[in-house]
Amino acid sequence: MMHRLSRRSISAILQTGAGRYRNGAASVSCCSCLDKLAANGDVGARPYSILSTGQTSPTKSIKAFNLGNESVLGLRYQSTAAESSSSESPVEKYEYQAEVSRLMDLIVNSLYSNKEVFLRELISNASDALDKLRFLSVTESELLKDAVDLDIRIQTDKDNGIITITDSGIGMTRQELVDCLGTIAQSGTAKFLKALKESKDAGADSNLIGQFGVGFYSAFLVAERVEVSTKSPRSDKQYVWEGESNSSTYSVREETDPAKLIPRGTRLTLYLKHDDKGFAHPERIQKLVKNYSQFVSFPIYTWQEKGYTKEVEVDEDPSEATKDGQDETTEKKKKTKTIVEKYWDWELTNETQPIWLRNPKEVTKEEYNEFYKKTFNEYLDPLASSHFTTEGEVEFRSILYVPSVAPMGKEDIINPKTKNIRLYVKRVFISDDFDGELFPRYLSFIKGVVDSNDLPLNVSREILQESRIIRIMKKRLVRKAFEMIQGIALSDNRDDYDKFWENFGKHIKLGCLDDKENHKRLAPLLRFFSSQSEEELISLDEYVENMKPDQKNIYYIASDSVKSAKNTPFLEKLIEKDLEVLFLVDPIDEIAIQNLKSYKEKDFVDISKEDLDLGEKNEEKEKEMKQEFGQICDWIKKRLGDKVASVQVSNRLSASPCVLVSGKFGWSANMERLMKAQTMGDASSLDFMRSRRIFEINPQHPIIQTLNAACKSNPDDEEALRAIDLLFDTASVSSGFTPENPAQLGGRIYEMMNLALSAKLGTSFGGFDQQATAQAHAPETVEAEIVEPAESGGQK
């Protein structure tokens, strides 16, 4: 008996001292006080009981504890060392008390996330019982004296909502029935495995399934009452265990009905809940067995309705009377019809030998392809397959496939839950609903099966997601997938990889964004068009092989098509020097390359950005150019103002007069175009990420030379200034940027056309002279605004 003291009593103790309470009759045992003591660091605080013998003395030093808003610091009781060591009260130990019905509710509703797994769990338990019998019969042959086949049989009664699962396994005695089913989370399999390990003869892998002893209780997911009738070959009697879903009690009795006796094994009878009686349909049971327990090593029979055809006689139609003149003595031919006679019989539902457990050398390509088509409902053969066994820290077997075509709409890039990987544990199907646990999103197109003996069976997918074994398996599966894809790339048939790239190239590029750890495996798989290969895709390895001896970088240009990339002014100097440039024409290409950064110690360089190094720097020549064209650069910068960050002499142009390049760390013209096209694009972020633009001029071009002379002779000439504006607008278009005012650009082009034609022909057409053109584009004139699709919705 423990006493709880009021605050007043505690205050009295503190004021009077501890001497009068030496016998411990009113020791402090308030739980809240103990909590506060523990919170303040006094780990030695303990309750004192009046039932203890001898004297007890709470003479521990109390550093600090709180009573409401009061605090006592540094308070000590006087005691001797001998009293402290000899007057400790005995520790009282208690067992946790579990509310069985609540625990059952947690097992049923929390451990399993899908009701239909109940059949998987019960079949797995039956498989364990058969395995145990097979192991034990090696040394105890009398256990098989009943000569009953080792199998599992499932029978349903859809009218009454009853499922019966019978196995011819080891069965249970009365005591084993109480121990295994009377104690939640008590696993007979775990005990058996422990006994095997302790045995000197346990050299082989038992491959039993159950570990946690909660698989049986999954029956209450669908059943309101469960009856277990079991007969052990070591016992002469058969016993019945009965339990209900919402009850904390169960009953065990001896089976006395001769009609219900079985020679050996266990029979589970599930009386289904009203809402779950649909599970009692034979077709549904057969489907669940094929889905979850297809490869259990023992035959599983289900009770199915069958039929056969037979011919039966039918009565003649009275309307068809004998015609006049017909010879009545002629024998009439009897009329028959075909009917289907229905009956019920056992049907083998599972295959006992999964293909992944066989030796890869013994499996033909046709067998792999047939398994692929049957398992994943495909009609075309896969491009490649890989059958392997992984040993070491984690052991598992797997068969992986690369499909020949991508699913319709390529929705698997957006949704990684493609159900392409089927996870088995000891040949029992666990789940195909993974969200990146076994394969990353960009490899979600890989299909296959994985079978592990190291994973627990009796747990839900949510627990598997956090498993360390799963993380190790993922690394090895990804490595095998890359080896399989690389095998396609290195095969003699180049068309196979072209087909793969057409279907799954975007997945590989997405991997460059998502998986930095595997960049070295991803980069060799990439394919691009180039300035020297406009019709056929090339790899980065082929590009590096074709590089010039003194070339240090891998050059690329991002555009919306091969044609526009081929005609961009940025290529002019590189084509003259015979330098190959990759064409990135897919929206994801540029981001993928930027994430790779380099390949085989060669940096990727965007030729549309500033500071392009072509390996021919001449400091003296650059200094002369700056002196000669420095004045025109300043003049153009003054005219363009904030439209450009600077004006420089270009080293990348040979035919074009000028070009507009992007800043080194900002968006390229292609990226800016793509970001504007985003439906949820943010205008403020566009302004922030839009790179600074550099206007580069070609000093060898006649237009630039003419403007250079105008700059020195008459820098305020209006026509020369308008020519600068037109140069900037045309450079924006040719460089891939969108002009800010397309209508104004059109007006300037028309004006220049009129001036050119007037000078050549000596007249202006239709009164369309320079003055009229200037008035048409005066600031006060209201111009039609062309709104781009990316700028719709009021965003500019």
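Residues numbered from 1 in each chain as written. Predicted model: local features only at pLDDT ≥ 70, side-chain atom pairs only at ≥ 80, totals over all residues. Heavy atoms only, no water.

### Concerning the nonpolar core
Move 1: Membership of the largest hydrophobic core comes to 78 residues, with the highest contact counts inside it found for F439, L443, M473 and Y555.
Move 2: For this core, the element with the most residues is helix α11 (residues 468-489), which contributes twelve residues.
Move 3: What M473 contacts, discounting residues up to four positions off in sequence, is V394, F396, L423, L438, V450, S452 and L455. (Core = buried A, V, L, I, M, F, W, Y, C linked by side-chain atoms within 4.5 Å. Buried < 20%, exposed > 50% of the residue type's maximum accessible area, 1.4 Å probe, protein only. Helix = DSSP H or I, 4+ residues; strand = E, 2+ residues; numbered from the N terminus. Contact = heavy atoms within 4.5 Å.)

### What to know about the packing of helix α21 (residues 702-713) against helix α22 (residues 718-734)
Move 1: Running from N to C, α21 and α22 cross one another at 145°; their axes reach a closest spacing of 11 Å. Relative to α22, α21 is oriented so that their crossing is left-handed. Note on element contacts: α22 touches α21 through A720, A723, I724 and L727, opposite I703, I704, L707 and A710.
Move 2: Tallied by class, the residues present in the contact of α21 with α22 amount to eight nonpolar, no polar and no charged. (Axes fitted to C-alpha atoms, helices over the stretch in contact; angles between N-to-C directions. Left-handed = near helix turned anticlockwise from the far one by under 90°. Nonpolar A, V, L, I, M, F, W, Y, C, P; charged D, E, K, R; others polar.)

### What to know about the packing of helix α18 (residues 619-640) against α22
Move 1: Interhelical geometry of α18 versus α22 gives an angle of 80° and a closest axis separation of 10 Å. Between α18 and α22, the interaxial angle falls into the category roughly perpendicular. Of the residues in α22, those in contact with W635, I636, R639 and L640 of α18 are A720, L721, R722, I724, D725 and F728.
Move 2: Residues belonging to the contact of α18 with α22 are distributed by class as follows: seven nonpolar, no polar and three charged. (Parallel < 35°, antiparallel > 145°, perpendicular 65-115°, else oblique.)

### Regarding the environment of L150
Move 1: Looking at where L150 falls in the secondary structure, it is placed in the loop between α5 (117-136) and β3 (152-157).
Move 2: On a C-alpha basis, the gap between L150 and I170 in space is 10.0 Å, while along the polypeptide they are 20 residues apart.
Move 3: Filtering out sequence-adjacent residues up to four positions away, L150 remains in contact with L130, L133, S168, R264, F298 and P299.

### Here's the deal with a nonpolar patch on the surface
Move 1: Taken together, the side chains of Y379, L380 and V405 present a nonpolar region at the surface, about 290 Å² in accessible area.
Move 2: Along the polypeptide, V405 turns up in the loop between β12 (396-402) and β13 (421-425).
Move 3: Residue V405 is classed as partly exposed on the basis of its relative accessible area of 33%. (Patch = residues over 30% accessible without salt bridge, like charges linked within 9 Å, V, L, I, M, F, W, Y side chains within 5 Å. Areas by Shrake-Rupley, 256 points an atom, 1.4 Å probe, with all protein chains shown as cover. Salt bridge = Lys/Arg side-chain N within 4 Å of Asp/Glu carboxyl O.)

### Quick word on α21
Move 1: Over its twelve residues, α21 extends 17 Å from the first C-alpha to the last, a length consistent with the 16 Å expected when each residue adds 1.5 Å.
Move 2: For α21, the full list of buried residues reads I704, L707, N708, A710 and C711. Seen end-on, α21 carries its buried residues on one side only, within an arc spanning 165°. Seen from the buried face of α21, the exposed residues on the opposite side, beyond 90 degrees, are P702, T706 and S713. (Expected span 1.5 Å × (residues − 1). Arc of directions from axis to C-beta.)

### Quick word on a negative patch on the surface
Move 1: A contiguous patch of negative charge, built from E619, E620, E622, E624 and E628, is present on the exposed surface.
Move 2: In this structure, E619 sits in helix α18. (Lys, Arg positive; Asp, Glu negative; His and termini not counted. Charge placed at Lys NZ, Arg CZ, Asp CG, Glu CD.)

### Some points on helix α8 (residues 282-292)
Move 1: The complete set of buried residues in α8 reads P282, I285, Q286, L288, V289 and Y292. Each buried residue of α8 lies within a common arc of 160° when the element is viewed along its axis, so the set occupies one face. In α8, the exposed positions angled more than 90 degrees off the buried face are occupied by E283 and K287.
Move 2: Elements that come into contact with the buried residues of α8 comprise α5, β3, β4 (162-167), β9 (300-313), β10 (336-348) and β14 (428-431).

### Some thoughts on the pattern of salt bridges
Move 1: Under the defined criterion, the tally for this structure stands at 27 salt bridges.
Move 2: As a salt-bridge pair, E534 and K566 come within 3.6 Å of each other at their nearest N and O atoms. Within this pair, whereas E534 is found in strand β17 (residues 533-539), its partner K566 is found in helix α15 (residues 562-566), the two being separated by 32 residues in sequence.
Move 3: The partner of R652 in a salt bridge is E696, with the nearest N and O atoms 3.0 Å apart. One end of the pair, R652, is in the loop between β22 (646-649) and β23 (658-662); the other, E696, is in strand β24 (residues 693-697), and 44 residues separate them in sequence.
Move 4: Here the residues in one salt-bridge network are K506, K509, D586 and D589, joined through shared partners.

### Quick notes on the sheet that holds β23
Move 1: The mixed open sheet is built from three strands, whose spatial order is β22-β24-β23. Taken across any chain shown, the strands that pair with only one partner, and hence form the sheet edges, are β22 and β23. When the angles between neighbouring strand axes are averaged without regard to direction, this sheet yields 30°.
Move 2: Summarising the sheet, β23 and β24 pair through five bridges and their orientation is antiparallel. Paired with V659 across the two strands is E696, which belongs to β24.
Move 3: On top of the sheet, α22 reaches β23 and β24; it is set at about 55° to β23, its chief contact. (Pairing = 2+ DSSP bridges.)

### A few points about the environment of F439
Move 1: By the element assignment, F439 lies in the loop between β14 and β15 (447-452).
Move 2: A relative accessible area of 8% places F439 in the buried class.
Move 3: Linking F439 and M473, residues 34 residues apart in sequence, is a C-alpha distance of 9.4 Å.
Move 4: Among all residues touching F439, those that are not within four sequence positions of it are L400, I421, I446, K474, L477, V478 and A481.

### Describing the sheet that holds strand β16 (residues 527-530)
Move 1: Overall, mixed pairing links the six strands, which are arranged β17-β16-β19-β18-β21-β20 in an open sheet. Here the strands that pair on one side only, and so sit at the sheet edges, are β17 and β20 (598-599).

### Comments concerning the environment of S251
Move 1: Mapping S251 onto the fold places it in strand β7 (residues 250-254).
Move 2: Along the backbone, S251 and G182 are 69 residues apart, and their C-alpha atoms lie at a distance of 9.3 Å.

### Observations concerning unusual backbone geometry
Move 1: In this structure, N377 is a non-glycine residue whose phi angle is positive, near 55°.
Move 2: Positionally, N377 belongs in the loop between α9 (365-376) and β11 (384-390).
Move 3: Its relative accessible area of 70% is what places N377 among the exposed residues.
Move 4: Backbone geometry at K426 places phi at a positive 55°, although glycine is not the residue there.
Move 5: A relative accessible area of 6% means that K426 is categorised as buried.

### Considering the pairing of strand β6 (residues 238-244)
Move 1: Counting buried positions over the seven residues of β6 gives six, a clear majority of the element.
Move 2: In sequence, strand β5 (residues 223-231) turns back onto β6 through a hairpin of six residues.
Move 3: Pairing between β6 and β7: five bridges, direction antiparallel. By the bridge assignment for β7, Y239 is matched with E254.
Move 4: If you look at the hairpin formed by β6 and β7, you'll find five residues sitting between the two strands.

### Focus: the packing of aromatic side chains
Move 1: For the structure on display, the rule yields 23 aromatic pairs.
Move 2: Here the aromatic rings of F216 and Y217 are separated by 5.2 Å at their centres, their planes lie at 75°, and the arrangement is edge-to-face.
Move 3: We classify F216 as buried; its relative accessible area is 8%.
Move 4: Classification of Y217 as buried rests on a relative accessible area of 2%.
Move 5: Taking the centre distance of 5.7 Å and the plane angle of 65° together, the rings of F295 and Y424 count as edge-to-face. Placement of F295 in the loop between α8 and β9 and of Y424 in strand β13 is noted, with a sequence separation of 129 residues between them. Comparing F295 with Y424, the two get one shared label, buried.
Move 6: Connected via pairs of aromatic rings, a cluster forms that spans Y292, F295, W356, F371, Y424 and F429.
Move 7: Over the aromatic face of Y271 sits the side chain of R225, whose NZ or CZ is 3.9 Å from the ring centroid. (Phe/Tyr/Trp six-rings, centres within 6.5 Å; stacked < 30°, edge-to-face > 60°. Lys NZ or Arg CZ within 6 Å of the ring centre and 35° of its normal.)

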